[in-house]
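The lines below spell out each chain.
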Amino acid sequence: MGTEAGPFRRTAVLGRDGVRLHVLDTGVPAGAGPVPCLLLLHGLGGCADEWRGIAAQLAGRARVVAFDARGHGVSTRRPQDLSGAAHVADAFAVVEEMGLGRVVLVGQSCGAHTALMTAAAHPEAVACLVLIAVSYT
């Protein structure tokens, strides 16, 4: 995939465990110096494109990375493993393979569940955790 219009300037496709993950990345803002990196996890039935507005709001102040979770968007649509552990491993793989360092991990709905489990499994990779519209009933 090539350069995209809007706040996400780069795309990547990461392969993990037979699953392709489509990643959107604003990149590091030019001349901004050290900036936080946000990794955004969408909810069930969503996709990374849902975060374009947030990425635009943060342009120049942060690096924003979002990816289509397995089974969503243009990532592998019917992977064999849809477990929580697989989603956690995917999020951590994005952090590692994209060289994001410690991230502000933001999750919405089911993405918030993945964010929470990722922070618990890999606290060294998470500087801050933000959970949006999550229920634990």
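For the structure itself, consult the block above.
What counts, and at which threshold
- Residues numbered from 1 in each chain as written.
- Predicted model: local features only at pLDDT ≥ 70, side-chain atom pairs only at ≥ 80, totals over all residues.
- Heavy atoms only, no water.
- Helix = DSSP H or I, 4+ residues; strand = E, 2+ residues; numbered from the N terminus.
- Rg over C-alpha atoms; globule rule 2.2 N^0.38 Å.
- Buried < 20%, exposed > 50% of the residue type's maximum accessible area, 1.4 Å probe, protein only.
- Contact = heavy atoms within 4.5 Å.
- Areas by Shrake-Rupley, 256 points an atom, 1.4 Å probe, with all protein chains shown as cover.
- Lys, Arg positive; Asp, Glu negative; His and termini not counted.
- Charge placed at Lys NZ, Arg CZ, Asp CG, Glu CD.
- 1 Å grid on protein atoms, 1.4 Å probe; cavity = no way out; pocket = protein on both sides within 12 Å on 5 of 7 lines; lining within 4 Å.
- Points joined across faces, edges and corners; volume = space filled by probe spheres on them.
- Nonpolar A, V, L, I, M, F, W, Y, C, P; charged D, E, K, R; others polar.
- Core = buried A, V, L, I, M, F, W, Y, C linked by side-chain atoms within 4.5 Å.
- Disulfide = S-S within 2.5 Å.

Q: Please clarify how the overall build of the protein should be interpreted in this entry.
A: Scanning the protein from terminus to terminus reveals three helices and six strands. Starting at the N terminus, the α and β elements of the protein follow one another as β-β-β-α-β-α-β-α-β. For the protein, the C-alpha radius of gyration of 14 Å lies close to 14 Å, the compact-globule estimate for 137 residues. Across its three principal directions, the C-alpha atoms of the protein cover 40 × 30 × 25 Å. Put simply, the protein has 137 residues, and 47% of those count as buried. Summarising the internal contacts of the protein: among those between residues at least 6 apart in sequence, 66% fall at separations of at least 24. A total of about 6,800 Å² of accessible surface is found on the protein, and carbon and sulfur atoms cover 57% of it. Here the protein contributes 11 positive and 11 negative side-chain charges, whose respective centroids are spaced 5 Å apart.

Q: Before we go on, may I ask you to explain the layout of surface pockets in this structure?
A: Roughly 230 Å³ of internal volume is contained in the largest pocket. Within the residue set of the lining of the largest pocket, elements represented by two or more residues are α2 (84-97) and α3 (110-121). No other element matches the five residues that α3 contributes to the lining of the largest pocket. Grouping the constituent residues of the lining of the largest pocket by class yields eight nonpolar, eight polar and no charged.

Q: How should the nonpolar core be read in this particular structure?
A: Nonpolar side chains in soluble globular proteins tend to be buried together. Among the nonpolar cores identified, the biggest contains 21 residues, and Leu39, Phe67, Val94 and Leu100 are the most heavily contacted of them. Going through the elements one at a time, β2 (19-25), β3 (37-41), β4 (63-67), α2, β5 (103-108) and α3 are the ones with two or more residues in this core. Broken down by element, the residue count for this core peaks at four residues, all from α2. Excluding anything up to four places from it in sequence, Phe67 contacts Leu21, His22, Val23, Leu39, Leu40, Leu41, His42, Ala48, Asp90, Ala91 and Val94.

Q: Explanation requested: the state of the cysteines in the structure shown.
A: Such a bond, covalent and formed between the sulfur atoms of two cysteines, is termed a disulfide. Applying the stated criterion across every chain, the model contains zero disulfides. We note that Cys128 lacks a disulfide partner, and the nearest cysteine sulfur, in Cys37, lies 13 Å from it. Taking relative accessible area as the criterion, Cys128 reaches 37% and is therefore assigned partly exposed.

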